[in-house]
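Summary of the model geometry
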Amino acid sequence: YQFRKLLEEHIKSKQRIEEYTEMLGLSRITLNKAIKTQFNTTASDLIKQRLLFEVKNLLIYSNLSINQIAEKLNFSEANHLTRLFKKREGITPSEYRLTYQNRK
């Protein structure tokens, strides 16, 4: 649960598991074991889930471009955000935004 708390506090600036293991003083293996026991997933998957939640909120509730969202969430390039989003959601961030806007 400490990991989840840190994730909520730092998701916009820290997306690498190593950053969280360092803050918690744990090895990656120990953290993943604890996460698997509590949440039945991996730490990196929780990071990606939480990051996508932020991306979706920004797509829906802001007028920021995909590039601006990528910059705000510390992606090195916008296409990395798009690739992650499409892999997880099956559509691009732009398609997601259009679909949401058409539902209003």
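All values derive from a computational prediction rather than experimental measurement.

A few points about the environment of L52
Here L52 shows up in helix 4 (residues 43-61). With a relative accessible area of 4%, L52 lands in the buried category. Sequence spacing of L52 and N74 is 22 residues, and the spatial spacing of their C-alpha atoms is 13 Å. For L52, the contacting residues outside a window of four places in its chain are L84, F85, R88 and E89.

Observations regarding the packing of aromatic side chains
Per the stated rule, a full pass over the model turns up 3 aromatic pairs. Centroid distance F3 to Y20: 5.4 Å. Interplanar angle 80 degrees. Geometry classified as edge-to-face. Taken together, the positions of F3 in helix 1 (residues 2-10) and Y20 in helix 2 (residues 17-24) put the pair 17 residues apart, joining distant regions of the chain. Between F85 and Y96, the aromatic rings sit 5.4 Å apart at their centres with planes inclined by 70 degrees, giving edge-to-face as the arrangement. One end of the pair, F85, is in helix 6 (residues 78-89); the other, Y96, is in helix 7 (residues 93-103), and 11 residues separate them in sequence. Comparing F85 with Y96, the two get one shared label, buried.

Describing the environment of I11
You can see I11 is positioned in the loop between helix 1 and helix 2. Looking at I11, the relative accessible area reads 1%, which means it is buried. If we ignore the near neighbours within four places in the chain, the residues touching I11 are Y20, I47, R50, L51 and E54.

Calculation criteria
- Residues numbered from 1 in each chain as written.
- Predicted model: local features only at pLDDT ≥ 70, side-chain atom pairs only at ≥ 80, totals over all residues.
- Heavy atoms only, no water.
- Helix = DSSP H or I, 4+ residues; strand = E, 2+ residues; numbered from the N terminus.
- Buried < 20%, exposed > 50% of the residue type's maximum accessible area, 1.4 Å probe, protein only.
- Contact = heavy atoms within 4.5 Å.
- Phe/Tyr/Trp six-rings, centres within 6.5 Å; stacked < 30°, edge-to-face > 60°.

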